[in-house]
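# Structural overview
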Amino acid sequence: MERRTGTFSLRAATHDTLLALLVTVMQVQGTVARVAAEGATRPLADVGDLGYALLVVSGLAVAVRRRWPVPVFAVTALASLAYYGLGFPDGPGWLALFVSLYTLVAYGDGRRSLVIAGAGISVLAAVWLYTAADIEPRAAIGWVFFRVGASVMSAALGESVRSRRVIAADAEKRAELAERTREEEARARVDAERLRIAREVHDTVAHAVAIINVQSGVTAHVLDKRPEQAREALRTIEQTSSRALREMRAVLGVLRDDGDGRAPHPGLDQIAELTAKAREAGLDVTLEASPPAAPLPSAVGSAAYRILQESVTNVIRHVGPTRVTVALTPGTDALEIRVTDEGRRTANGGATAPGGPGHGILGMRERCRLLGGEFDAGPTPGGGFEVTARLPLAPTGPRREAAP
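Residues numbered from 1 in each chain as written. Predicted model: local features only at pLDDT ≥ 70, side-chain atom pairs only at ≥ 80, totals over all residues. Heavy atoms only, no water.

### Things to note about the overall build of the protein
On a plain count of helices and strands, the protein comes out with 10 helices and seven strands. A total of 404 residues make up the protein; the buried ones form 37% of that total. Look at the contacts in the protein between residues 6 or more apart in sequence, and 72% of them connect residues 24 or more apart. For the protein, the accessible surface area stands at approximately 22,900 Å², while carbon and sulfur atoms represent 60% of it. (Helix = DSSP H or I, 4+ residues; strand = E, 2+ residues; numbered from the N terminus. Buried < 20%, exposed > 50% of the residue type's maximum accessible area, 1.4 Å probe, protein only. Contact = heavy atoms within 4.5 Å. Areas by Shrake-Rupley, 256 points an atom, 1.4 Å probe, with all protein chains shown as cover.)

### A few points about the packing of aromatic side chains
Applying the stated criterion across every chain yields a total of six aromatic pairs. Ring centres 5.3 Å apart and planes at 25° place the aromatic pair Trp-94 and Phe-98 in the stacked group. Here Trp-94 matches Phe-98 in class, with each residue buried. On the numbers, 5.2 Å between centres and 70° between planes, the contact of Trp-94 with Phe-146 is edge-to-face. One end of the pair, Trp-94, is in the loop between helix H3 (69–85) and helix H4 (95–106); the other, Phe-146, is in helix H6 (residues 142–222), with 52 residues separating them in the sequence. Assessed through its relative accessible area of 11%, Trp-94 is described here as buried. Taken together, Tyr-83, Tyr-84, Phe-88 and Trp-128 form an aromatic cluster joined through their ring pairs. (Phe/Tyr/Trp six-rings, centres within 6.5 Å; stacked < 30°, edge-to-face > 60°.)

### Quick notes on empty space enclosed by the protein
Evaluation of the coordinates by the stated rule reveals two cavities of 30 Å³ or more. By volume, the second largest cavity amounts to about 70 Å³. Lining the second largest cavity are Leu-54, Leu-55, Ser-58, Thr-76, Ala-79, Ser-80, Tyr-83, Tyr-84, Gly-93, Ala-96 and Leu-97. At the level of elements, helix H2 (46–60), H3 and H4 are the ones that each hand at least two residues to the lining of the second largest cavity. A per-element tally of the lining of the second largest cavity places H3 first, with five residues. Among the residues making up the lining of the second largest cavity, the classes are represented as seven nonpolar, four polar and no charged. (1 Å grid on protein atoms, 1.4 Å probe; cavity = no way out; pocket = protein on both sides within 12 Å on 5 of 7 lines; lining within 4 Å. Points joined across faces, edges and corners; volume = space filled by probe spheres on them. Nonpolar A, V, L, I, M, F, W, Y, C, P; charged D, E, K, R; others polar.)

### Notes on the packing of H4 against helix H5 (residues 111–131)
One can describe the packing of H4 onto H5 by two numbers: an axis separation of 9 Å at closest approach and a directional angle of 155°. Regarding the angle of H4 to H5, the classification is roughly antiparallel. The residues of H5 that touch H4, namely those facing Leu-97, Leu-101, Leu-104 and Val-105, are Ser-113, Leu-114, Ile-116, Ala-117, Ile-121, Leu-124 and Trp-128. In terms of residue class, the contact of H4 with H5 is built from 10 nonpolar, one polar and no charged. (Axes fitted to C-alpha atoms, helices over the stretch in contact; angles between N-to-C directions. Parallel < 35°, antiparallel > 145°, perpendicular 65-115°, else oblique.)

### Some words on the packing of H3 against H5
At their nearest, the axes of H3 and H5 sit 10 Å apart, and the two run at 10° to each other. In terms of axis orientation, H3 runs roughly parallel to H5. Note on element contacts: H5 touches H3 through Ile-116, Gly-120, Val-123, Leu-124, Val-127, Trp-128 and Thr-131, opposite Val-70, Phe-73, Ala-77, Ser-80, Leu-81, Tyr-84 and Gly-85. Per-class residue counts for the contact of H3 with H5 are 10 nonpolar, four polar and no charged.

### What about the nonpolar core?
With 31 residues, the main nonpolar core has Leu-283, Leu-308, Ile-337, Phe-375 and Leu-391 as its most contacted residues. Breaking this core down by element, the ones donating at least two residues are helix H8 (271–280), helix H9 (298–318), strand E2 (323–330), strand E3 (334–341), helix H10 (359–370) and strand E7 (385–392). Here this core takes nine residues from H9, the largest share from any one element. For Leu-283, the contacting residues outside a window of four places in its chain are Ala-278, Val-312, Val-315, Ile-316, Gly-320, Pro-321, Thr-322 and Val-324. Counting residues in each nonpolar core, the second largest holds 28 residues, with Val-28, Ala-77, Leu-104 and Leu-124 among its members. (Core = buried A, V, L, I, M, F, W, Y, C linked by side-chain atoms within 4.5 Å.)

### Brief notes about the sheet that holds strand E6 (residues 374–379)
Ordered in space as E1-E2-E3-E7-E6, the five strands form an open sheet in which the pairing is mixed. Both outer strands of the open sheet, strand E1 (284–289) and E6, are each paired with one neighbouring strand and no more. Averaged over all pairs of adjacent strands, the angle between strand axes in this sheet comes to 10°, irrespective of strand direction. Two strands pair when backbone bridges link them, and E3 and E7 are joined in this way by eight bridges, in the antiparallel orientation. Across the sheet, Glu-336 pairs through a bridge with Arg-390, a residue of E7. (Pairing = 2+ DSSP bridges.)

### Some words on the pairing of E2
Pairing of E1 with E2, which is carried by six bridges, proceeds in the parallel orientation. Note on E2: the bridge partner recorded for Glu-288 is Ala-327. Between E1 and its parallel partner E2, the chain crosses via H9, and the hand of that crossover is left-handed. Two elements, E2 and E3, share seven bridges in a ladder whose sense is antiparallel. (Right-handed = clockwise from strand over helix to strand, strands pointing away.)

### Quick word on the pattern of salt bridges
Enumeration according to the criterion identifies eight salt bridges in this entry. As a salt-bridge pair, Arg-65 and Asp-16 come within 3.1 Å of each other at their nearest N and O atoms. Taken together, the residues Arg-65 in the loop between H2 and H3 and Asp-16 in helix H1 (residues 2–38) connect sequence positions 49 residues apart. Across the pair, exposure class does not vary: Arg-65 and Asp-16 are buried alike. A salt bridge links Arg-338 to Glu-386, with the nearest nitrogen and oxygen atoms 3.7 Å apart. Pair noted here: Arg-338 is in strand E3 and Glu-386 is in strand E7, with a separation of 48 residues, a long-range link. Residue classification places Arg-338 among the partly exposed residues on the basis of a relative accessible area of 32%. The network of salt bridges with common partners includes Asp-16, Arg-65 and Arg-66. (Salt bridge = Lys/Arg side-chain N within 4 Å of Asp/Glu carboxyl O.)

### Notes on the confidence of the model for the protein
In this model, the protein carries an average pLDDT of 77, and 76% of its residues clear a pLDDT of 70 or more. Per-residue pLDDT stays below 50 along residues 1–8; that stretch engages in zero contacts with residues further than four places along the chain or on separate chains. Note that pLDDT drops below 50 for residues 257–262; the model gives that stretch four contacts with residues more than four away or on any other chain. (pLDDT = per-residue confidence, 0-100.)

What follows is the structure in structure tokens.
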């Protein structure tokens, strides 16, 4: 970047130097040619070649026009005022002034540059008109108005170039901002997908491992005494592990390809199978489910299934055989879920609640929050544990946590 900037500065300086030489030659040569053709009341060599000096100084000042636009405009304007104020012959001695006016506005800072240019043109116009009050022939005063008009046009052209440059720079900044925003959104989507995959894997593996753990314990206990029951427990282990593998492939398939052949996410139509597996694991499950009036959105159905799966898994893992009530109540605008267990049975017939919430509770709460729903989990007065969730049928996005 520094090398490119240095190259550009050297190229610009070379261009400005060549332009300054060209303007100087045109001002001097053009004025000399006009004097030779029309004559002049005061020759350029008068007052110690002052006319030549003013034309040369104003022309050569253009060489640094981009580095010091205001001083260059001041030098060319003063040279023009002195040149025409002293009565030197008219000619293309205004070229450097027009170039400096254009540069002042085009490379300036907008309002300030326009004010300087406007004030300078006003002073120049007043002096030019005053010095041309007794000009002969009178038709020559047209060149004075030409200088005034050309000065205004030079400033207007510079402002047009500056405005276009500002618009282009703003457009480039907006494009860069849009690109950064797209990259940030893409990263956010990737992070959200990673979180979803991690949550799906956790729910699938935790549920399957909990059931397999219970059934393997049953198998070890009844293997010699009741081989049929042991065989049934092994079959349950096989089915549970097979289903877990299928779900894992469906969840992780997104990491391998973008095909449409992936298995759909589990929904409420698989709750009967979920409760059947829970009964096989030793739970006394009562399912209270009302059919929804209309099909549920897939996101709501999948979240409801995972919440039920995680709730049942927690009971199997932390409580063991007990009574569980699963209630699904679809409403007009939300699906309400309640999973209640009676707690771990003690020797005297009482019940004890499981330990505090773990990652499963956090995952269920996060699922509800992402859909704009409500979630609560905690022990019941009877010693059990209850999980309640309310999922809007029209997900509203992540729910903001209330300030403490």
